[in-house]
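Architecture and fold: a report
These are the residues of each chain, in order.
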Amino acid sequence: MNPVLCLSLCLTPNNVFCIVVEAGTPWKGNDTVERHLAAVERVGLSRGLSPQAVSILLEFSLSLRSAIGIRVLKFLVPASTVPEEAIIRGVSWLCVDKMPVNMQVLFVRWVLTVFDLIDSKDQLRAIYGFIFNFVTEENLVRRVLVLLFITYPLLELQTRMGCQPFLMHLLSVYKVYCPELVTISVPAKMKSGFKNHNSTWKAALAAVQKSSTTELLSDLQLSVGVSQQPATRKRKLHRHLTIPAVSSSIQSQSRLSGSKVFPLEQLRTFSQLLENLHRIELPAQMGSLLGSTVALHFLDCVRDSSAFLRLNFWLGHLLHEEFIFCKDGGTQDLTEATGFLNTLISTQCFLQEGFAATELFLYKFLNIWDGSLLRPEILGLLSNIPVVPCSRIKTLLFEPLMQLFFTSSLFFKCSVIECLTNMLLKWLTWHSVYAFEDELDISVTSQTPMNMTLSGLMDSVVELVHFVGRISTIGLQLEGYHSLLLSFTLDFYMMVSDMYLKYDLPLVLMPPAGVFYPALFATDPVNLDKLCHIMYRYRTNLMSAKNQEQKMKISRKTYHEFNQYVVSMVSCLWNSRAFQPGMGLEMDEGLLSRSGVPEPWTRFSLVYHPAFLGYAVDFHENCWPERMKMDLSSIKLGKRWDWYVEFLYCQGLQGLKEFMQSSLRRQSSVGGTRATSDSQSQPPS
């Protein structure tokens, strides 16, 4: 018989030690062993065990093939930290292939429970591949709580084993986080696939944390807390929208002197970040990075793909649970939700990119959103999404937004147009940053594997611009061409008009007639001045594109639309020939005569236009203060016309000045005579 040692456990106030006894000593019915086991169990579940005791007892329990090993492992509750060496030795016992299956499963669950308490993970990371390969065995995967690794082994297991609850729950998590990898259909409602086997350990850890004076992780309260009531979907709205405090896995200040890891919670300045960049360990709670600017600097510097994967997983689960799956209505206090979403928006602005989890959440949330709940925050998040492929943009974005746009108030319409303007700005900015002269492939964001060619980006931009043109045309009709909605729409096209020169995107798209002509006949000078500036920028971009035709091709239709718009503006504002044949916008003479307006073709000139009528009256009073009867037609005579035009320029109408000086060729005045009839438009041919 091989000499096998049987260990009897003894307890002292500060430590646990072992006594070697003769091989073959029975443990069943042995009062001494039972007494020592009960003493260690009482201390472990009440005060916790020291790191040395945890290491000794873990080695002891895994070396046995009897029920006593399982019993020891069940009360193995650490008081402070778990030595990494103990975990490594425990994993080595898996290679012996003598450990019972239930013991193997219990050990894996114990490691998952105390994972945040391991003092270091440098050596543990080196054997992750072995651990993940080990837990894919069919007799273990049924009982492991969460397996955060590639989905393909899970899909293979699902193919072999069928729709098992534990596999479907794991795949449902990945389908929320990465739907393109999980092509199978997952039921919306499923019974619980995993029992909480670790509740005993978690309850013991929580009790030890309350009674022990040892400082534990601040985020341990979230990871080991046990709810007294069963979790349910019908719970308080936004209960968990709290950003954890920044903390690392280092537990004791006494270990810092000999540790090579720099605690993340001690990071205060950017200089500290530069000095310890390669020594900082990612926190156990990735969500804690959202609450620290210096931590976000660290996240942006390391560009660790696993860090973004962990953060996106945490963020996606939180957003889905608190905003999509929650059944409560909007009567709850939204202060916490507003603060959380504003923090998320500021984080994305700081990183200059959005999170993949936020993008997936928005696509689902738009289909159930009423347009009023957290409107500024939702639209703020929506404006930060990356470029959506042309084949999916209509279904994911346009259809839900269109339903909300046409059934909501004027203010919501303006908010949507502003959101889409900011979205286009982000897309164009990403293109100008990532596009190079000899490299047409651009990475939309640095944390997503999706790449998009220049043609793909242009197709998405074209779809977005055309979508805004459609909804703004109908929206202006529904709102009676309200000046506020028209102003937001012109702000969008102010960016569109400069895409080629300002953002280096070889694309020129003209606004639809339903936007151009309401702006031309607007009653306020601000919107008309914006339109003049937009047409000036269109002219500048088209002229530049025409000079580089070998690099950029502009369709003749675009040139024709631009020339027609310019002719209409010059005919109305300058030549006083609105609605005349060949002047861009024509109207039947019979219809004009029935309006009862004398000389209707002059009603939209610089003098009589509703947007400039107040300026004309002010100018008339300054020129002829003694006149009792106002005659605005006298402004057109002699040099007063030139004075009036300069007067308009001095009123801050910079867009009008740019358009007139670029689109008109005026002959010099002779003897004070204004050559209005000889002025003509010079649009690009």
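Residues numbered from 1 in each chain as written. Predicted model: local features only at pLDDT ≥ 70, side-chain atom pairs only at ≥ 80, totals over all residues. Heavy atoms only, no water.

1. Quick notes on the nonpolar core
Soluble globular proteins tend to pack their nonpolar side chains together in the buried interior. Selection criterion: Only buried Ala, Val, Leu, Ile, Met, Phe, Trp, Tyr and Cys residues count toward a nonpolar core, and they belong to the same one when joined by side-chain atoms within 4.5 Å. Type-normalised accessible area, obtained with a 1.4 Å probe on protein chains alone, sets the label of each residue: buried when under 20%, exposed when over 50%, and partly exposed for intermediate values. Whether two residues touch is decided by their heavy atoms; if any such pair falls within 4.5 Å, the residues are in contact.
Among the nonpolar cores identified, the biggest contains 141 residues, and Leu382, Met535, Leu606 and Tyr644 are the most heavily contacted of them. Excluding anything up to four places from it in sequence, Leu606 contacts Leu573, Trp574, Phe612, Trp641, Tyr644, Val645, Leu648, Leu656 and Met660. Ranked by size, the runner-up nonpolar core spans 32 residues in total, among them Val40, Ile68, Ile87 and Phe107.

2. Side note on the confidence of the model for the protein chain
We count it as follows: For every residue, the predictor states its confidence as a pLDDT score lying anywhere from 0 to 100. The secondary structure listing takes helices from DSSP runs of H or I that are at least 4 residues long and strands from runs of E that are at least 2 residues long, numbered from the N terminus.
Taken as a whole, the protein chain shows an average pLDDT of 75; of its residues, 72% reach a score of 70 or greater. The element-level mean pLDDT for the protein chain is lowest in helix α12 (residues 220-224), coming to 36, with helix α22 (residues 483-496) highest at 95. Counting interchain partners and residues more than four positions distant, the pLDDT-below-50 stretch residues 1-14 has 37 contacts. Predicted confidence for residues 667-685 stays below pLDDT 50, and this span has 38 contacts to residues more than four positions away or in other chains.

3. Some details on helix α16 (residues 335-351)
Filter applied, for reference: One fewer than the residue count of a helix, multiplied by 1.5 Å, yields its expected span. Throughout, the arc means that of the directions going from the helix axis to the C-beta atoms.
In this model, α16 (17 residues) spans 24 Å end to end at C-alpha, consistent with the 24 Å of a helix rising 1.5 Å per residue. Burial in α16 covers these residues: Ala337, Phe340, Leu341, Leu344, Ile345, Thr347, Gln348 and Leu351. Buried positions in α16, seen along its axis, are confined to an arc of 160 degrees and lie on one side of it. On the buried face of α16, the contacting elements are α14 (293-302), α15 (305-324), α17 (356-365) and α18 (375-382). Positive backbone phi, at 60 degrees, marks Gln352, one or two positions downstream of α16.

4. Points about helix α1 (residues 31-46)
With 16 residues, α1 extends 22 Å between its outermost C-alpha atoms, agreeing within 8% with the 22 Å of an ideal straight helix rising 1.5 Å per residue. Val33, His36, Leu37, Ala39, Val40, Val43 and Gly44 are the residues of α1 that are buried. Considered in projection along α1, the buried side chains sweep an arc of 160 degrees and stay on one side of the axis. Exposed side chains of α1 directed beyond 90 degrees from the buried face belong to Asp31 and Arg42.

5. As for the environment of Phe579
Positionally, Phe579 belongs in the loop between α26 (556-573) and α27 (589-594). Separated by 23 residues in sequence, Phe579 and Thr602 place their C-alpha atoms 9.5 Å apart. Every residue in contact with Phe579, bar those within four places of it in the chain, is listed here: Phe521, Leu585, Glu586, Met587, Leu592, Pro600 and Phe604.

6. Considering the packing of helix α2 (residues 51-63) against helix α5 (residues 101-113)
Threshold: The convention used is that axes are lines fitted to C-alpha atoms, helices contributing only their stretch in contact, and that angles between N-to-C directions extend from 0 to 180 degrees. These descriptions rest on fixed angle ranges, namely under 35 degrees for roughly parallel, over 145 for roughly antiparallel, 65 to 115 for roughly perpendicular, and the rest for oblique. Here is the rule for handedness: rotate from the far helix to the near one, and if that takes an anticlockwise turn smaller than a right angle the crossing is left-handed, while a clockwise turn gives right-handed. Residue classes follow a fixed rule: Ala, Val, Leu, Ile, Met, Phe, Trp, Tyr, Cys and Pro count as nonpolar, while Asp, Glu, Lys and Arg count as charged, and any other residue, Gly among them, counts as polar.
At a closest axis distance of 11 Å, the pairing of α2 and α5 adopts a crossing angle of 160 degrees. Taken together, the axes of α2 and α5 lie roughly antiparallel to each other. Here α2 and α5 pass one another in a crossing that is left-handed. Along its contact with α2, which presents Val54, Leu58, Ser61 and Leu62, the element α5 presents Met103, Phe107 and Trp110. For the contact of α2 with α5, the per-class residue count stands at six nonpolar, one polar and no charged.

7. Observations concerning the environment of Ile243
Assignment of secondary structure puts Ile243 in the loop between α12 and α13 (270-275). For Ile243, a relative accessible area of 24% gives the class partly exposed. With 97 residues separating them in the primary sequence, Ile243 and Phe340 have C-alpha atoms 7.7 Å apart. What Ile243 contacts, discounting residues up to four positions off in sequence, is Gly287, Ser288, Leu290, Gly291, Phe340 and Thr343.

8. With respect to the pattern of salt bridges
Applicable threshold: Salt bridges, as used here, are contacts in which a Lys or Arg side-chain nitrogen is within 4 Å of a carboxyl oxygen on Asp or Glu.
Applying the stated rule across the entire model yields five salt bridges. Put simply, Asp491 and Lys530 hold a salt bridge, and the shortest N to O gap is 2.9 Å. Taken together, the residues Asp491 in helix α22 and Lys530 in helix α25 (residues 525-547) connect sequence positions 39 residues apart. Among the residues examined, Lys530 registers a relative accessible area of 16% and is labelled buried. The residue Asp498 makes a salt bridge to Arg537 at a minimum N-O spacing of 2.9 Å. Of the two residues, Asp498 is situated in the loop between α22 and α23 (499-503) and Arg537 in helix α25; the sequence distance between them amounts to 39 residues. Residue classification places Asp498 among the buried residues on the basis of a relative accessible area of 12%.

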